[in-house]
Amino acid sequence: MFTAPEGAARAVALLGVQKGTEYLFDDLRLSPLPAEAKATVAGGVGQVEAVVPGRVEAGGFGTFRLTYRAGKEGLPVGGALEVRRSNLDPRWSMPQVSDPAEPGYTTVVASTGAQCLV
Amino acid sequence: MPCVTRVTVLYPPLAEGDTGVVTYGDAAGGGPGVQVQPKAERDVRFVVGVEGDRDGRALDLPDTRGFDVVPGPFAVLGLLTPVVAEAGKPFPVTLEARDRSGNVVPAVEGAVSLTAEGGDLKTDARRAFGAGGTGQASGKVTLTRTGVRLLKATCNGVAAEQSVVVSRSAQVADGAKPKATAYQDGNTYVLGNAHVRLLVPRNDFGYGVAFLEAERGDQWKRVGAFPSLGELRVGAQGKPAHRMPVWLSEAKPGSATDAAQLVLSGAVEAAGVQWDLSVLCVLSDGAKHVDLHCTATPKADAKLRAFYAPPFYAGDGSFGAAKATALFPGLEYRTADEVSSGDYGIVPPFSDRQVPHPYKVTMPMVAVADGDVCAAVFWDPDQKWDGVHACPSACFASPERWENRASHLLALFAPAELDGLPENARELPEPRAVVAGKPLRACLESASSGRRLGGRSSR
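Residues numbered from 1 in each chain as written. Chains lettered and ligands numbered in written order. Predicted model: local features only at pLDDT ≥ 70, side-chain atom pairs only at ≥ 80, totals over all residues. Heavy atoms only, no water.

### So, the overall build of chain A
- Per the secondary structure count, chain A includes one helix and seven strands.
- Start at the N end of chain A and walk to the C end: the helices and strands fall as α-β-β-β-β-β-β-β.
- Here chain A, with 118 residues, has 32% of them falling under the buried criterion.
- Counted over contacts in chain A with a minimum sequence separation of 6, partners at least 24 positions apart contribute 22%.
- Of the roughly 7900 Å² that chain A leaves accessible, carbon and sulfur atoms contribute 55%. (Helix = DSSP H or I, 4+ residues; strand = E, 2+ residues; numbered from the N terminus. Buried < 20%, exposed > 50% of the residue type's maximum accessible area, 1.4 Å probe, protein only. Contact = heavy atoms within 4.5 Å. Areas by Shrake-Rupley, 256 points an atom, 1.4 Å probe, with all protein chains shown as cover.)

### A short note on the interface of chain B and chain A
- Opposite the 75 residues of chain B that make contact, chain A presents 68 residues.
- With both chains or domains summed, chain B and chain A bury close to 7500 Å², and 58% of this area falls on carbon and sulfur atoms.
- On the surface where chain B and chain A come into contact, there are two salt bridges.
- At the junction of chain B with chain A, the criterion picks out 44 residue pairs in polar contact (both at pLDDT 80 or more).
- Those elements that place two or more of their residues in the side of chain B that touches chain A are strand E1 (3-11), strand E2 (19-24), strand E3 (34-35), strand E4 (41-44), strand E5 (46-51), strand E6 (59-60) and strand E7 (67-70) of chain B.
- With nine residues, E1(B) is the largest single contributor of residues to the side of chain B that touches chain A.
- The class makeup of the residues in the side of chain B that touches chain A is 37 nonpolar, 20 polar and 18 charged.
- In the sheet, strand E5 (residues 80-85) of chain A pairs with E5(B) via six bridges, with the strands oriented antiparallel. For Val83(A), the partnering residue across the bridge sits in E5(B) and is Val48(B). (Buried area = accessible area lost by both parts, 1.4 Å probe. Salt bridge = Lys/Arg side-chain N within 4 Å of Asp/Glu carboxyl O. Polar contact = N/O pair within 3.5 Å; in protein donor to acceptor, adjacent residues only side chain to side chain. Nonpolar A, V, L, I, M, F, W, Y, C, P; charged D, E, K, R; others polar. Pairing = 2+ DSSP bridges.)

### Section: the side chain of Thr8(B)
- Residue placement: Thr8(B) occurs in strand E1.
- Residues contacting Thr8(B), with those up to four places away along its chain left out, are Gly78(A), Gly79(A), Ala80(A), Gln115(A), Cys116(A) and Leu117(A).

### Topic: the pairing of strand E27 (residues 273-284) of chain B
All names here are of chain B.
- Alignment of strand E26 (residues 259-270) against E27, held across twelve bridges, turns out to be antiparallel. Looking across to E27, one finds that alanine 270 is bridged to valine 273.
- Between E26 and the antiparallel strand that follows it, E27, lie two residues; alanine 271 among them carries a positive phi value of about 50°.
- Pairing geometry for E27 and strand E28 (residues 289-298), over eight bridges, is antiparallel. Bridge pairing in E28 links serine 278 to threonine 295.

### A short note on the environment of Phe74(B)
Residue and element names in this part refer to chain B.
- Take phenylalanine 74: it is sitting in the loop between E7 and strand E8 (76-80).
- Relative accessible area serves as the criterion here: at 17%, phenylalanine 74 is assigned to the buried category.
- Beyond its immediate stretch of four places on either side in the chain, phenylalanine 74 contacts Ala97, Arg98, Val105, Val108, Cys155, Asn156 and Val158.

### Overview of the environment of Glu41(B)
- On the secondary structure map, Glu41(B) appears in strand E4.
- Put simply, Glu41(B) and Ala159(B) are 118 residues apart on the chain and 26 Å apart in space, counted from C-alpha to C-alpha.
- Each residue touching Glu41(B), except ones within four places of it in the same chain, is listed here: Asn87(A), Phe67(B), Asp68(B) and Val69(B).
- Here the side chain of Glu41(B) touches Asn87(A) through a polar contact of 2.9 Å, side chain to side chain.

### Examining the pairing of strand E1 (residues 46-51) of chain A
All names here are of chain A.
- Taking every second residue as pointing to the same face, the buried face of E1 carries Gly46, Val48 and Ala50, while none of Gln47, Glu49 and Val51 on the other face is buried.
- As paired strands, E1 and strand E4 (residues 64-70) are joined by six bridges and run antiparallel to one another. Across the sheet, residue alanine 50 finds its bridge partner in E4, namely leucine 66.

### Overview of the sheet that holds strand E2 (residues 55-57) of chain A
- Taken in spatial order, the three strands line up as E2(A)-E7(B)-E4(B) in an open sheet, and their pairing is mixed. Because the sheet does not close on itself, it has two edges, and the strands there are E2 of chain A together with E4 of chain B. This sheet shows a mean twist of 25° between the axes of neighbouring strands, independent of strand direction.
- Where E2(A) and E7(B) come together, three bridges link them in parallel fashion. Along E7(B), the bridge assignment pairs Val56(A) with Val69(B). (Axes fitted to C-alpha atoms, helices over the stretch in contact; angles between N-to-C directions.)

### Quick word on unusual backbone geometry
Residues and elements named next belong to chain B.
- Cis peptide bonds are those with omega within 30 degrees of zero, and the linkage from tyrosine 11 to proline 12 qualifies with -5°.
- Note on placement: proline 12 falls in the loop between E1 and E2.
- Of the consecutive residues serine 398 and proline 399, the connecting peptide bond is found in the cis state with omega at -5°.
- With respect to the element layout, proline 399 can be found in the loop between strand E36 (393-397) and strand E37 (408-414).
- At aspartate 43, a residue that is not glycine, the phi angle is positive and equals roughly 55°.
- As for its position among the elements, aspartate 43 is in strand E4.
- Phi is positive for asparagine 404, which is not a glycine, with a value near 55°.
- Mapped onto the secondary structure, asparagine 404 falls in the loop between E36 and E37.

Okay, structure coming up:
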């Protein structure tokens, strides 16, 4: 059993095998972080606030604003934010940055004026 | 969880306290925003992951506030009925207020009117959608005249229509026959043995409606119904096909070694062409299934959009749209509250599996079980429906919500995707030529047993 040191953001387990022998790695489990540890880790990389409508009509239109505030570690050049949605439905507008008049138009504005790639 | 977008910081980096605002559906430039899914869903959320060290693995930040995708305004009235009703016997009707995307709209108020051409409708159905309700109103309806009857409903200016085949009741003696037997009892032909029986009542429109029943503890229990002995779909390209139900004029019982049979035959006119049709129903002594062999032969060159073997509606006149389990091998295993072709773990359009490519079906069967009965349809995928092409199409709709039926459709038809049918279509988009005198054939087994799907035998 391996327990990561306090404050570690991630751990890498190296599993060694003998050449020519088949192994089955079974029952590999990662325990979820306790809430306080999760908050500590998240606090290091930042926090996010969502401004979303309370309800949107099915098939209708909405605007969803997600504000990321960098934590102690900041976000370096080449670092990224991944925005995901909780369901799999593909019938949402695809995000696009080319035409402000079309559905799915997405903008990114950094307080530092940083250039971002969407 | 699917990635909506990924934002990479180029220069300068963000230090502690700096912000980045991602606006998905920014309408400041005159755009409409983001179009959301057509399906209502509670508590949809966005999750933001941060990848600080460019290793491709993001650390998720605590969940953001969720929001609801709610039904739109009431625009469509659904009128759900069985496909077959018996004259003089009440049958269930449900009215459903829906938005344009098919979501049920609970907050609808208004009086509902329900009528039938001919004026013989009696109903105790609730006549209004109430405040704070479920968006559904239901009750019982009775029609006394046989034939294809059209029910009409309106609420707040929104109208709905639904046809129901009203048949004479199949009133026959209750006793089970120890061996397979075909006989006439009053106005009904019976093909039965100790386990299962097929009842085919004579109507003004001929023989076509049939009921499948299973023996359960010295009583016969309805498993489902056939509204017709098949269907020819004809008509020009670009329009929905005209559907000609196969109702036949002659019935002849017979017997063979260890089996009994019922032959139904007659002619149907479709798009100006006469078709000779026959349906051979065979039941063996110990069998729990009836073999149905359908043959349709045009007397002149014809054009056809689809040829259906007798479509079986499991639960019709019995357990209705309810079920414990439903199975389409290789494609779907559904439990009580799940509908077929639902988007459980699979996204549209791939979730639509009502008429899949025949090669996706791993075992040629469709089945629905509820309580102590299981209804199934089996077929031979190698059968050549026009003498040349094999692999007919199977249709699985549990329940048959595409046509607002309160039962489950298990059907077999030709042609298939191998022959130009678009996947999930129930008829060819353009008619196909059929040569005079060349028969089309479709064979299936309609079965019922006390064995639950995936469970222990109930008897």
